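Tertiary structure, described
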Amino acid sequence: MVEQSLNNYLKKTISIWDTFVKKQMKENFYHGILLGILGFQQNWSVSSNKESGDGYSDILIETEDQETGIIIEIKYAETGNLEAVSKDALKQIEDRRYEEQLLEEGVEHILKYGIAFYKKKCKVIVVK
């Protein structure tokens, strides 16, 4: 559902010229898109590049009831291998322990999203 919706959004809104920059800037472009979309959830606390564990998660979200947390790691799939790169994003979440802050705050349910982008396509893998 998330992947399909995001792919539809990318097809309708962006140009491949929007990502005609260095790799790091490509990730920033998609990061900004997601922040814009997720920021409209009025009852969510959405943070960008928040320190947690051994690094900075791309996007960290806490719901109003503070029972659910969402961690999103974004990667650009330079070779187009969306599956492998989205798995790498999830591995980074685990390796760097981005869930640490949420656990310390007593968040009960944590969703981890590894999202890989390539031009107008994406692959989303979620771990509950």
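You'll find the structure just up there.
Think of each chain on its own: its residues are numbered from 1, step by step along the sequence as written. Where local features are concerned, this predicted model is filtered to residues with pLDDT of at least 70; where side-chain atom pairs are given and counted, the filter is 80 or more; whole-chain, interface and lining totals use all residues. Heavy atoms from the whole structure form the basis of all side-chain values; hydrogens and water molecules are not counted.

Here's the deal with the nonpolar core
In this structure, Y30, L34, I72, I115 and F117 are the most contacted members of the largest nonpolar core, which totals 18 residues. Helix numbers and strand numbers start at the N terminus; a helix is a DSSP run of H or I with at least 4 residues, a strand a run of E with at least 2. Those elements that place two or more of their residues in this core are α1 (2–13), α2 (23–38), β2 (55–63), β3 (68–76), β4 (109–118) and β5 (121–127). We call two residues in contact when some of their heavy atoms are within 4.5 Å. In this structure I72 touches L34, L38, D58, I59, I61, Y113 and I115, once residues within four positions along its chain are discounted. What is meant by a nonpolar core is a set of buried Ala, Val, Leu, Ile, Met, Phe, Trp, Tyr and Cys residues, joined one to another through side-chain atoms within 4.5 Å. When accessible area is computed with a 1.4 Å probe and restricted to protein chains, residues below 20% of their type maximum are described as buried, those above 50% as exposed, and intermediate ones as partly exposed.

What about helix α3 (residues 82–95)?
A helix's residues, less one, multiplied by 1.5 Å, set its expected span. Here α3 is 14 residues long and its end C-alpha atoms lie 20 Å apart, about the 20 Å a rise of 1.5 Å per residue gives. When α3 is considered as a whole, its buried residues turn out to be L82, V85, S86, A89, L90, Q92 and I93. Viewed end-on, α3 has its buried residues packed into an arc of 155°, placing them on one side of the element. Buried-residue contacts for α3 involve β3, β4 and β5. A positive phi of about 55° marks R97, the residue just after α3. The arc in question is the one traced by the directions running from the helix axis out to the C-beta atoms.

Observations regarding the pattern of salt bridges
Opposite charge on two side chains makes pairing possible when the charged atoms of those side chains draw close. A carboxyl oxygen of Asp or Glu within 4 Å of a side-chain nitrogen of Lys or Arg is what we treat as a salt bridge. Inspection of every chain in the model, using the stated rule, returns ten salt bridges. With its nearest N and O atoms 3.9 Å apart, the salt bridge here joins E78 to K26. Residue E78 is located in the loop between β3 and α3, and its partner K26 is located in helix α2; the two are separated by 52 residues in the primary sequence. A relative accessible area of 11% means that K26 is categorised as buried. Linking K123 and E83 is a salt bridge whose minimum nitrogen-to-oxygen distance equals 3.7 Å. Note that K123 is positioned in strand β5 and E83 in helix α3, a separation of 40 residues in sequence. Overall, K123 belongs to the partly exposed group, its relative accessible area being 22%. Residues joined by salt bridges that share partners form a network here, namely E3, E83, K87 and K123.

Let's talk about the packing of aromatic side chains
Any Phe, Tyr or Trp ring, taking Trp's six-membered ring, that has another such ring centre within 6.5 Å forms a pair; planes under 30 degrees apart are called stacked, those over 60 apart edge-to-face, and the others tilted. As enumerated under the stated definition, the model contains five aromatic pairs in all. Judged by centre distance (5.3 Å) and plane angle (75°), the ring pair of F29 and Y30 falls under edge-to-face. Between Y30 and F117, the aromatic rings sit 4.2 Å apart at their centres with planes inclined by 10°, giving stacked as the arrangement. Here Y30, found in helix α2, pairs with F117, found in strand β4; they are 87 residues apart in sequence, far enough to count as distant. Residue classification places F117 among the buried positions, given a relative accessible area of 1%. Grouped by ring-pair contacts, the aromatic residues F29, Y30, Y76, F117 and Y118 constitute a single cluster.

Everything listed is a geometric property; what it means functionally is a separate question.
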